[in-house]
Amino acid sequence: MSEILDAIKMWLVALLYGFISILNIVKSCFTKGFRQVLSWKKRERPSCLDAPDFGTHGFLKISEDIQIHYVASGPEDKPLMLFVHGFPEFWYSWRHQIKEFQKDYRVVAIDQRGYSESSKPLGIENYTVTKLMADLALVIQGLGYKKCILVAHDWGAVIAWAFGRKYSDMVDKLIIMNCPSGPLFKSVLKESTAQFKKSWYMFFFQLPWLPEFILKTNDLGAFDSMVPKKGSSENSGDDVSAYKYTFSQPGALTGPMNYYRAFFRIKPSTEHDLDYTMPTLLIWGEKDTALDMILPNTIEKIAPKVEVVKIPDANHFVQNDAPEKVNEIMRLWLDQN
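Residues numbered from 1 in each chain as written. Predicted model: local features only at pLDDT ≥ 70, side-chain atom pairs only at ≥ 80, totals over all residues. Heavy atoms only, no water.

Q: Please clarify how the overall build of the protein chain should be interpreted in this entry.
A: Of the regular secondary structure elements, the protein chain holds 15 helices and eight strands. Compactness check: the protein chain gives a C-alpha radius of gyration of 19 Å against a globular reference of 20 Å for 337 residues, within 12% of the reference. Taking the principal axes of the C-alpha coordinates as reference, the protein chain spans close to 60 × 50 × 45 Å. Among the 337 residues that make up the protein chain, the fraction classed as buried is 55%. When the accessible area of the protein chain is evaluated, it comes to approximately 15200 Å², of which 55% is carbon and sulfur surface. Taking the 39 positively charged and 39 negatively charged side chains of the protein chain as two groups, their mean positions are separated by 5 Å. (Helix = DSSP H or I, 4+ residues; strand = E, 2+ residues; numbered from the N terminus. Rg over C-alpha atoms; globule rule 2.2 N^0.38 Å. Buried < 20%, exposed > 50% of the residue type's maximum accessible area, 1.4 Å probe, protein only. Areas by Shrake-Rupley, 256 points an atom, 1.4 Å probe, with all protein chains shown as cover. Lys, Arg positive; Asp, Glu negative; His and termini not counted. Charge placed at Lys NZ, Arg CZ, Asp CG, Glu CD.)

Q: Looking at this structure, I do not really get the state of the cysteines. What am I missing?
A: One way to say it: the disulfide is the covalent bond shared by the sulfur atoms of two cysteines. One pass over the structure, following the stated rule, counts zero disulfides. Looking at Cys-148, it has no disulfide partner, and the nearest cysteine sulfur is the one in Cys-179, 17 Å off. Judged by its relative accessible area of 1%, Cys-148 is buried. (Disulfide = S-S within 2.5 Å.)

Q: Please clarify how the layout of surface pockets should be interpreted in this entry.
A: A water-sized probe rolled over the atoms picks out the places where empty space is left. For the largest pocket, the calculated volume is near 770 Å³. Lining the largest pocket are 29 residues; nearest its centre among them are Trp-200, Tyr-201, Ser-225, Met-226 and Thr-289. Of all the elements in the fold, those that place two or more residues in the lining of the largest pocket are α1 (2-32), α8 (200-204), α9 (210-220) and α10 (222-226). Ranked by the residues each element gives to the lining of the largest pocket, the list is headed by α1, at five residues. Each residue belonging to the lining of the largest pocket can be placed in one class, and the counts come to 18 nonpolar, seven polar and four charged. What lines the second largest pocket is a set of 22 residues, and nearest its centre among them are Glu-3, Asp-6, Lys-186, Lys-190 and Phe-264. Listed by contribution, the elements that provide at least two residues to the lining of the second largest pocket are α1, α6 (182-191), α7 (193-198) and α12 (254-265). If one sorts the elements of the lining of the second largest pocket by residue count, α1 sits on top with six residues. Across the lining of the second largest pocket, the residue classes tally to nine nonpolar, four polar and nine charged. (1 Å grid on protein atoms, 1.4 Å probe; cavity = no way out; pocket = protein on both sides within 12 Å on 5 of 7 lines; lining within 4 Å. Points joined across faces, edges and corners; volume = space filled by probe spheres on them. Nonpolar A, V, L, I, M, F, W, Y, C, P; charged D, E, K, R; others polar.)

Q: Mind showing me how you'd approach the packing of α1 against α9 here?
A: In a pair of packed helices, the angle between the axes and the distance between the axes together describe the arrangement. Packing of α1 against α9 brings their axes to within 11 Å, and their N-to-C directions diverge by 25 degrees. The angle between α1 and α9 falls in the class roughly parallel. The handedness of the crossing between α1 and α9 is left-handed. Across the interface between the two elements, Gly-18, Ser-21, Ile-22, Ile-25 and Lys-32 from α1 touch Leu-210, Ile-214, Thr-217 and Asn-218 from α9. For the contact of α1 with α9, the per-class residue count stands at four nonpolar, four polar and one charged. (Axes fitted to C-alpha atoms, helices over the stretch in contact; angles between N-to-C directions. Parallel < 35°, antiparallel > 145°, perpendicular 65-115°, else oblique. Left-handed = near helix turned anticlockwise from the far one by under 90°. Contact = heavy atoms within 4.5 Å.)

Q: How do you make sense of the environment of Trp-161 when you look at a structure like this?
A: Residue position: Trp-161 is located in helix α5 (residues 155-166). Not counting residues within four places of it along the chain, the set of residues in contact with Trp-161 comprises Ile-176, Cys-179, Pro-180, Ser-181, His-272, Leu-274, Tyr-276, Thr-280, Leu-282, Ile-299 and Val-306.

Q: Please clarify how the confidence of the model for the protein chain should be interpreted in this entry.
A: Keep in mind that low pLDDT regions are not for reading the predicted coordinates in detail. Per-residue confidence for the protein chain averages 94 on the pLDDT scale, and 97% of its residues sit at or above 70. α10 is the least confidently modelled element of the protein chain, averaging 87 in pLDDT, while strand β3 (residues 80-84) averages 99, the highest of any element. Considering only residues more than four positions removed or in separate chains, one finds that residues 231-235, a stretch of pLDDT under 50, has nine contacts. (pLDDT = per-residue confidence, 0-100.)

Q: Explanation requested: empty space enclosed by the protein in the structure shown.
A: Enumeration over the complete set of coordinates arrives at two cavities of 30 Å³ or more. Within this model, the largest cavity holds a volume of roughly 160 Å³. Forming the walls of the largest cavity are 14 residues, and the residues nearest its centre are Trp-155, Val-158, Cys-179, Met-202 and Leu-291. Counting only elements with at least two residues in the lining of the largest cavity, the list comes to α5, α6, α8 and α12. Partitioning the lining of the largest cavity into residue classes produces 10 nonpolar, three polar and one charged. The calculated volume of the second largest cavity comes to roughly 40 Å³.

Q: Sorry, what's going on with the sheet that holds β3 here?
A: Sheets are built from strands paired through backbone hydrogen bonds, the pairs being either parallel or antiparallel. Taken in spatial order, the eight strands line up as β1-β2-β4-β3-β5-β6-β7-β8 in an open sheet, and their pairing is mixed. Each having just a single partner strand, β1 (56-61) and β8 (306-311) make up the two edges of the open sheet. Direction aside, neighbouring strands of the sheet carry axes that sit 20 degrees apart on average. Bridge count between strand β2 (residues 67-73) and strand β4 (residues 106-110): four bridges; the pairing is antiparallel. The partner of Ala-72 across the bridge, within β4, is Val-108. Docked against the sheet, helix α4 (residues 129-142) engages β1, β2, β3, β4 and β5 (148-153), running at close to 145 degrees with respect to β3. Along the sheet, helix α13 (residues 294-302) makes contact with β7 (280-285) and β8, crossing β8 at roughly 150 degrees. (Pairing = 2+ DSSP bridges.)

Q: Please explain the environment of Pro-279 as it appears in this structure.
A: With respect to the secondary-structure elements, Pro-279 resides in the loop between α12 and β7. With a relative accessible area of 29%, Pro-279 lands in the partly exposed category. Taking the C-alpha atoms as reference, Pro-279 lies 10.0 Å from Ile-149; in sequence the two are 130 residues apart. Residues in contact with Pro-279, not counting those within four places in the same chain, are Asp-172, Lys-173, Leu-174, Trp-333 and Asn-337.

Set out below in structure tokens:
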């Protein structure tokens, strides 16, 4: 009965924000002009995406219908450090960490399925945590490694939390950024009004096609505020262009939406706890407007094996918002573990 009530609440919120979004679009059309709001231009690929100092682009065909795009750099005889991005991101979100660690590790940043240059299978059922975990296992093996240092943020971290329990023999060390485990998030969501309110967009994303359309309006204007402008990036304008180019491609927004749709609609085949066997670090930007501080605080209480480091002045996109601090924390922790 509680699951039915939770589903009803989710859909009511989704419909509410869908209605509000449509009203806002109509209002913007009259204040800014229909052409500005409802048009988006074809973009040229920014040169920063092909900068040689990030590494070499490649593809791994991990199954009959899934091909994963990745960028790799660093000595091939060094341990594998695998970066897994979140929403709305892609491999480029790890640009600061790639440059920092490529001398000491074989650094590989992937585009998860549904994102950027990786395959974009149709259907919500193709974006379950189980299938996304299997992708990571096949990527590690396809790169010629048995295990890795797994570094993940946001949606990539949802997968990494689960991967670290189911495929523990493939993870030497686990580094998570601004994301709780899936089961913990669902538990807190039921109990925390603050987190429920902050999760409005996750419910809104359950609606068909409308979230994708809203993100495209104003020439993907949402990315102007979502891509951090501070930190060590020398060309934040280029960074924004890289994101807009990537998410302006055909079908580039539906895959990412399907992560949220599958998470709330398809019951997971297995659950997992936070009793990790490998060293585990959680880095958390405290100015996260999407995920409440109750989440890292709860992990500190119930999972003493997980080391939690908070950055007071950083937001949800912590690896880009405070890259120097994140790199410093990672390097110190890696040296100690």
